[in-house]
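Structural features, examined
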Amino acid sequence: MAGNTTDGREARLARAQELVGEISALPSMPEVVNRLLAMLDDTKADAAEITHAIEQDIGLAGRVLKMVNSPFYGFSTKIASVKRAVTLLGLSAIKHLVLGVAMERAFVTEDDKYFNKKAFWRHSLAAGSIGLMLARHIGRQEPEEVFTCALLHDVGRMVESQFFYSDHMEAHERAAQKQTSLVEEENALLGTNHAYFSAAVLKRWNFPEIAVSSAMLHHELSKSDFLGEETIGRLYA
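Residues numbered from 1 in each chain as written. Predicted model: local features only at pLDDT ≥ 70, side-chain atom pairs only at ≥ 80, totals over all residues. Heavy atoms only, no water.

A few points about the packing of aromatic side chains
Going by this rule: Side-chain rings of Phe, Tyr and Trp, where Trp is taken by its six-membered ring, are said to pair if the distance between their centres is within 6.5 Å; with planes under 30 degrees apart they count as stacked, over 60 as edge-to-face, and otherwise as tilted. The rule is simple: take the accessible area with a 1.4 Å probe, protein chains only, and divide by the maximum for that residue type; under 20% is buried, over 50% is exposed, in between is partly exposed. Under the DSSP-based scheme used, a helix requires at least four consecutive residues in state H or I and a strand at least two consecutive residues in state E, with every element numbered from the N terminus.
Applying the stated criterion to the full structure yields five aromatic pairs. Taking the centre distance of 6.1 Å and the plane angle of 5° together, the rings of Tyr73 and Phe75 count as stacked. According to the relative accessible area criterion, Tyr73 is partly exposed, its value standing at 25%. Overall, the relative accessible area of 34% leaves Phe75 in the partly exposed class. Taking 6.0 Å as the distance between ring centres and 45° as the angle between the ring planes, the aromatic pair formed by Phe107 and Trp205 counts as tilted. Taken as a pair, Phe107 in the loop between α6 (91-106) and α7 (117-137) and Trp205 in the loop between α12 (194-204) and α13 (209-216) lie far apart in primary sequence, 98 residues in all. Owing to a relative accessible area of 1%, Phe107 belongs among the buried residues under this scheme. An aromatic cluster is built from Phe115, Phe120 and Trp121, whose rings are joined through pairwise contacts.

Regarding unusual backbone geometry
Only a minority of non-glycine residues have a phi that is not negative, and only a minority of peptide bonds are not trans. A positive phi angle, close to 60°, is found at Gln179, a residue other than glycine. For Gln179, a relative accessible area of 68% gives the class exposed. For Asn206, which is not a glycine, the phi torsion comes out positive at approximately 65°. One can find Asn206 in the loop between α12 and α13.

This is how it looks when you write it as structure tokens:
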């Protein structure tokens, strides 16, 4: 893709940050989620404190119980307490769920011709799971970090669909009609694209730089980029 120089990337990120900064209704990360993520990132995290924090949020508690009682885990008896669910699922799975719930709550994007929320979350969760599997396979020291990067890499698609709807629709229409890439048409219309919207939002929410850069570059990396942390952004493109 043309323009994948450092200057081009900086310009697209600056443009995305400018546009995101103009969104008065852009949500902040829910406080309960911020608190839980801080706890879950703490190596001395106390399961009882985490359980208590989850129980304060009825919706999140319900999602935890739904998850632990899903056929995927196959427990023979119904799990009725959040405390038991946290023990059985483990803190890693709880963190994944909290991140997913946070993103769902943050945006109220409606389905349209080119964006389906359920399909979007299936893709995001699949990307996270595959990223986690690959990170473990290659022996990465912090594989959960890859899950987070992969789960959140396309959050900019929701930003675009909700706050830049006409450009979102036109970019898809142009790409379909001209047989060009969506990113190319987004750049032409907005001066940036959904990957950079992802980076701008994650930066605004104080996510680690690796999450910001992997989201920003997941459509751009070439073979010459294949070593180092930026590679994470290519694992789930």
